[in-house]
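Understanding the architecture of this molecule
Now for the letters of each chain:
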Amino acid sequence: MRAGELALGRRRLEEFAAEVFAPLARRDQRAKGGLYLRRLLLEGRRKSMQPMAERLGVDHQALQQFMTSSTWPVEDVRARLARRAVRTVRPEVWAVDDTGFPKDGKASPGVARQYSGTLGTCF
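Residues numbered from 1 in each chain as written. Predicted model: local features only at pLDDT ≥ 70, side-chain atom pairs only at ≥ 80, totals over all residues. Heavy atoms only, no water.

**Considering unusual backbone geometry**
Positioned with a positive phi, Arg-90 is a non-glycine residue whose angle comes to about 50°. Within the element layout of this structure, Arg-90 appears in the loop between α5 (74-89) and β1 (115-116). (Helix = DSSP H or I, 4+ residues; strand = E, 2+ residues; numbered from the N terminus.)

**Focus: the packing of helix α3 (residues 49-56) against helix α4 (residues 60-68)**
The relative placement of two packed helices is expressed as an angle between their axes plus a distance between the axes. The contact between α3 and α4 brings their axes to 9 Å, and the two run at 125°. Here α3 is positioned oblique relative to α4, judged by the angle of their axes. Between α3 and α4 lies a crossing whose hand is right-handed. Every residue of α4 that contacts α3 at Met-49, Gln-50 and Ala-53 is listed here: His-60, Leu-63, Gln-64 and Met-67. Within the contact of α3 with α4, the residues separate by chemical class into four nonpolar, three polar and no charged. (Axes fitted to C-alpha atoms, helices over the stretch in contact; angles between N-to-C directions. Parallel < 35°, antiparallel > 145°, perpendicular 65-115°, else oblique. Left-handed = near helix turned anticlockwise from the far one by under 90°. Contact = heavy atoms within 4.5 Å. Nonpolar A, V, L, I, M, F, W, Y, C, P; charged D, E, K, R; others polar.)

**A look at the side chain of Gln-29**
Mapped onto the elements of the fold, Gln-29 is located in helix α2 (residues 27-41). Ignoring sequence-local partners within four residues, the contact set of Gln-29 consists of Leu-24, Phe-66, Ser-70, Thr-71 and Trp-72.

**Things to note about the confidence of the model for the protein chain**
In the predicted model, the protein chain carries a mean pLDDT of 77, and 72% of its residues have values of at least 70. The least confident element of the protein chain is strand β2 (residues 121-122), whose mean pLDDT is 53; the most confident is α5, at 88. (pLDDT = per-residue confidence, 0-100.)

**Side note on the pattern of salt bridges**
Overall, the coordinates contain seven salt bridges when judged by the stated rule. Here Asp-28 ties to Arg-26 by a salt bridge, and the two come within 2.7 Å at their closest N and O atoms. When its relative accessible area of 32% is taken as the criterion, Asp-28 is described as partly exposed. On the basis of relative accessible area, Arg-26 is assigned to the partly exposed category, the value being 45%. (Salt bridge = Lys/Arg side-chain N within 4 Å of Asp/Glu carboxyl O. Buried < 20%, exposed > 50% of the residue type's maximum accessible area, 1.4 Å probe, protein only.)

**Some thoughts on α2**
In this model, α2 (15 residues) spans 22 Å end to end at C-alpha, consistent with the 21 Å of a helix rising 1.5 Å per residue. Along α2, the residues classified as buried are Gln-29, Gly-33, Gly-34, Tyr-36, Leu-37 and Arg-39. Tucked into the core, α2 has its buried residues touching α1 (3-20), α3 and α4. (Expected span 1.5 Å × (residues − 1).)

See the structure below:
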């Protein structure tokens, strides 16, 4: 890639990150959100925190905290991502992921306790 193409790509990514992470009240959280997006898009097979942070030259613990224990409005960010996806992709069909539906009753044959991220609990 040429330098001009790289600069354009970086500017577009920064604009996207600014749009998606606009609901975050703190500037440092918005910056970490942008870094996280860059990490996901960089070359490299491993997308875990440490290898990705090394490629960016940043502290992996700060980014880990941003993703796991920082208080930011995930619903607002997801809504912005969904609106952007609809504008970009213009979907004709939606798929419903039913993996977050709880099983029926306290015991289902052949099924161990399971964690449901959408329900936020084990059932």
